[in-house]
Amino acid sequence: MDVQGTVAAGFEPVRDAFRRNFEERGERGAAVSVYRDGTKVVDLWAGAKNADSADSADSADSADSADSAEGAESAESADIPWTADTAQVVRSATKGVAAAVPLLLHQRGLLDLDAPVGAYWPEFKAAGKDRVTVRQLLAHRAGVPVLDHPLTLAEAIDLDASTRAIAAQAPVWEPGTAHGYHAHTFSWLMSGLVHRATGRTIGRFVAEEIAAPLGLELWIGLPREETHRVGRVGEVPETEPADSPALKLRPKPSVVAAYRDPRSLTRRAFDVIETRPDENDPAYLAAELPGSAGVATARALARFYAATLGPVDGGGARLLAPETVALARTEESAGPDRVLVVGTRFGLGYMLHGAASPLLGPGSFGHPGRGGSLGFADPEAGIAFGYVTNGMRKTVTADPRAQALVRAVRSVL
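Nothing here was measured: the structure is a model prediction, and the numbers come from that model.

Section: helix 7 (residues 159-168)
Along helix 7, the residues that are buried comprise Ala161, Ser162, Thr163, Ile166 and Ala167. Here the buried face of helix 7 lies against helix 6 (153-156) and helix 8 (185-198). By the N-cap criterion, in which a side-chain oxygen at the helix start approaches the backbone nitrogen of a residue two or three places on, helix 7 is capped by Asp158, the distance to Asp160 being 3.2 Å.

Below, the structure is given as structure tokens:
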């Protein structure tokens, strides 16, 4: 595999682990970036822009003369390499970027974390949610990870329809008494709160207040003119090298059962949209869904997290004040997760290091994306990390490819 990009002296094991992901873990196209103390030390990419490129190439080779035009088109698609500016949908890794918005608003004195959500969004008080605080919402304690009436895709990407639906939803547990991953409803909770508190959509806020000042190739609501940069996602085989720690980890029967049972909170949380969206559809990528549909390069994810810790590349102001970072990574929820059916840890909008979502170390905060992507920061080590991939696996919080890269980073510190 021809790995492109740069690695600072001492970080070569990250390049080795990245290459091994292609050789042994079925990687199709991916990128990884690491900052240390505000300076970029790893910036790598490799493979094909489209996850289905191998299948496309095979079909092109076997096309008969009657299908030659279609075969040629497939072959052309298969030849597109991942480049330095290739971006990818990062699924729930978007949540880590979105979580910075209410934290910034709090930092500026515009949002009280302990105020009821209803103070900013009066309709949210309905159905027993009048005492849900902003803090509880960010910590996945609001009790609304599901919708009794799933949304159509058109409703899900419509700000008014989606926020009206989540405002009317009754909690499935008493808010504040337990936690459970709000896999998709996080999008509408955040969208409603930010829009009511600022008058701006969350995608616009991120574009104007985070992406533009930091020069990030990152969007919550992809502009049409940037669609050409985005690779096609697709499923890849679950393969592992013989010495992989992932081989020692098997889902518990209770977890497997929860994902299979359509009545479980787990399935209902992931099935709140009636038909699973096509993540390669430009219309979906253009939707401002801060829980699942952000698009970013690995470099942008790493740079974003680096900016939460301090100035990047020798200049500019840090994004979050030290006291805000302390808030972000202070444990708010821990223990059995009512949706994921494993033990999880959350700060304010961020997953924290733990068995279900291993990051660099105990002080790390960030967010994985189901299927592979990962972004996080570790203040103690001064590390910011971003990984994106077009090859989606079944993993929710601890993808073996991302974990191999994290282990490589840890080995050089």
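Describing the nonpolar core
Core analysis: the largest hydrophobic core is formed by 82 residues, its most contacted members being Trp188, Ile210, Phe304 and Tyr350. In terms of residues, this core owes the most to one element, helix 13 (residues 298-309), which gives nine residues. Filtering out sequence-adjacent residues up to four positions away, Trp188 remains in contact with Trp121, Leu147, Leu151, Ala156, Ser162, Thr163, Ile166, Val272, Ile273 and Leu289. With 26 residues, the next largest nonpolar core counts Ala17, Leu360, Leu374 and Tyr387 among its residues.

Topic: a negative patch on the surface
Together, Glu155, Asp158, Asp160 and Glu274 line one region of the surface with negative charge. You can see Glu155 is positioned in helix 6.

Description of the sheet that holds strand 5 (residues 218-219)
Ordered in space as 4-7-5, the three strands form an open sheet in which the pairing is antiparallel. Since the sheet does not close on itself, it has two edges, and those belong to strand 4 (88-89) and strand 5, each with one partner. Looking at chain direction, strand 5 and strand 7 (residues 295-296) are connected through two bridges and run antiparallel. When the bridges of strand 7 are listed, Trp219 appears paired with Val295.

A closer look at the packing of aromatic side chains
Applying the stated criterion to the full structure yields nine aromatic pairs. Between the aromatic rings of Tyr181 and Phe346, the centroid separation amounts to 6.2 Å while the plane-to-plane angle is 15°, which identifies the pairing as stacked. Pair noted here: Tyr181 is in the loop between helix 7 and helix 8 and Phe346 is in strand 9 (residues 343-346), with a separation of 165 residues, a long-range link. Given the relative accessible area of 3%, Tyr181 is considered buried. We note Lys129 situated over the ring of Phe124; from NZ or CZ to the ring centre the distance is 4.9 Å. Lying over the aromatic face of Phe270, Arg370 brings its terminal NZ or CZ to 4.4 Å of the ring centre.

Side note on the pattern of salt bridges
Pairs can form between side chains of opposite charge whenever their charged atoms are close. This structure, assessed with the given rule, holds 24 salt bridges. For Arg232, the salt bridge is made with Asp52, and the minimal N-O distance between the two is 3.4 Å. Taken as a pair, Arg232 in the loop between strand 5 and strand 6 (234-235) and Asp52 in the loop between strand 3 (39-47) and helix 2 (53-62) lie far apart in primary sequence, 180 residues in all. For Asp52, a relative accessible area of 25% puts it in the partly exposed group. Between Glu209 and Arg200 there is a salt bridge, with its nearest N and O atoms 3.1 Å apart.

Overview of unusual backbone geometry
One non-glycine residue with positive phi stands out, namely Asp37, at about 50°. Positionally, Asp37 belongs in the loop between strand 2 (29-36) and strand 3. A positive phi is found at Asp313, a non-glycine position, where the angle reads about 50°. Tracing the backbone through its elements, the reader meets Asp313 in the loop between helix 13 and helix 14 (322-328).

Thoughts on helix 1 (residues 12-24)
A rise of 1.5 Å per residue sets the reference length of helix 1, with its 13 residues, at 18 Å; its end C-alpha atoms lie 18 Å apart and thus fit the reference within 8%. Turning to helix 1, its buried residues number three or more, namely Val14, Ala17, Phe18, Asn21 and Phe22. The arc that holds the buried residues of helix 1, viewed along the axis, is 145°, so those residues lie on one side. Buried-residue contacts for helix 1 involve strand 2, strand 3 and helix 15 (400-412). Phi turns positive, to about 75°, at Gly26, one or two residues after helix 1.

Regarding the packing of helix 4 (residues 94-107) against helix 9 (residues 202-214)
Relative to each other, helix 4 and helix 9 sit at 75°, their axes nearing to 10 Å. As far as their axial angle goes, helix 9 and helix 4 are roughly perpendicular. Listed contacts from helix 9 to Val97, Ala98, Ala100, Val101, Leu104 and Leu105 of helix 4 are Ile202, Phe205, Val206 and Ile210. Tallied by class, residues from the contact of helix 4 with helix 9 come to ten nonpolar, no polar and no charged.

Quick notes on the pairing of strand 12 (residues 374-378)
By the criterion of burial, strand 12 is predominantly enclosed, with five of the five residues buried. Burial of strand 12 is two-sided: the residues Leu374, Phe376 and Asp378 facing one way and the residues Gly375 and Ala377 facing the other way are all buried. Taken together, the four bridges between strand 11 (residues 365-368) and strand 12 define a ladder with antiparallel strand orientation. When the bridges of strand 12 are listed, Gly366 appears paired with Phe376. Where strand 12 and strand 13 (residues 383-389) come together, five bridges link them in antiparallel fashion. Paired with Asp378 across the two strands is Ile383, which belongs to strand 13.

Rules and cut-offs
- Residues numbered from 1 in each chain as written.
- Predicted model: local features only at pLDDT ≥ 70, side-chain atom pairs only at ≥ 80, totals over all residues.
- Heavy atoms only, no water.
- Buried < 20%, exposed > 50% of the residue type's maximum accessible area, 1.4 Å probe, protein only.
- Helix = DSSP H or I, 4+ residues; strand = E, 2+ residues; numbered from the N terminus.
- Contact = heavy atoms within 4.5 Å.
- Polar contact = N/O pair within 3.5 Å; in protein donor to acceptor, adjacent residues only side chain to side chain.
- Core = buried A, V, L, I, M, F, W, Y, C linked by side-chain atoms within 4.5 Å.
- Patch = residues over 30% accessible without salt bridge, like charges linked within 9 Å, V, L, I, M, F, W, Y side chains within 5 Å.
- Areas by Shrake-Rupley, 256 points an atom, 1.4 Å probe, with all protein chains shown as cover.
- Salt bridge = Lys/Arg side-chain N within 4 Å of Asp/Glu carboxyl O.
- Lys, Arg positive; Asp, Glu negative; His and termini not counted.
- Charge placed at Lys NZ, Arg CZ, Asp CG, Glu CD.
- Pairing = 2+ DSSP bridges.
- Phe/Tyr/Trp six-rings, centres within 6.5 Å; stacked < 30°, edge-to-face > 60°.
- Lys NZ or Arg CZ within 6 Å of the ring centre and 35° of its normal.
- Expected span 1.5 Å × (residues − 1).
- Arc of directions from axis to C-beta.
- Axes fitted to C-alpha atoms, helices over the stretch in contact; angles between N-to-C directions.
- Parallel < 35°, antiparallel > 145°, perpendicular 65-115°, else oblique.
- Nonpolar A, V, L, I, M, F, W, Y, C, P; charged D, E, K, R; others polar.

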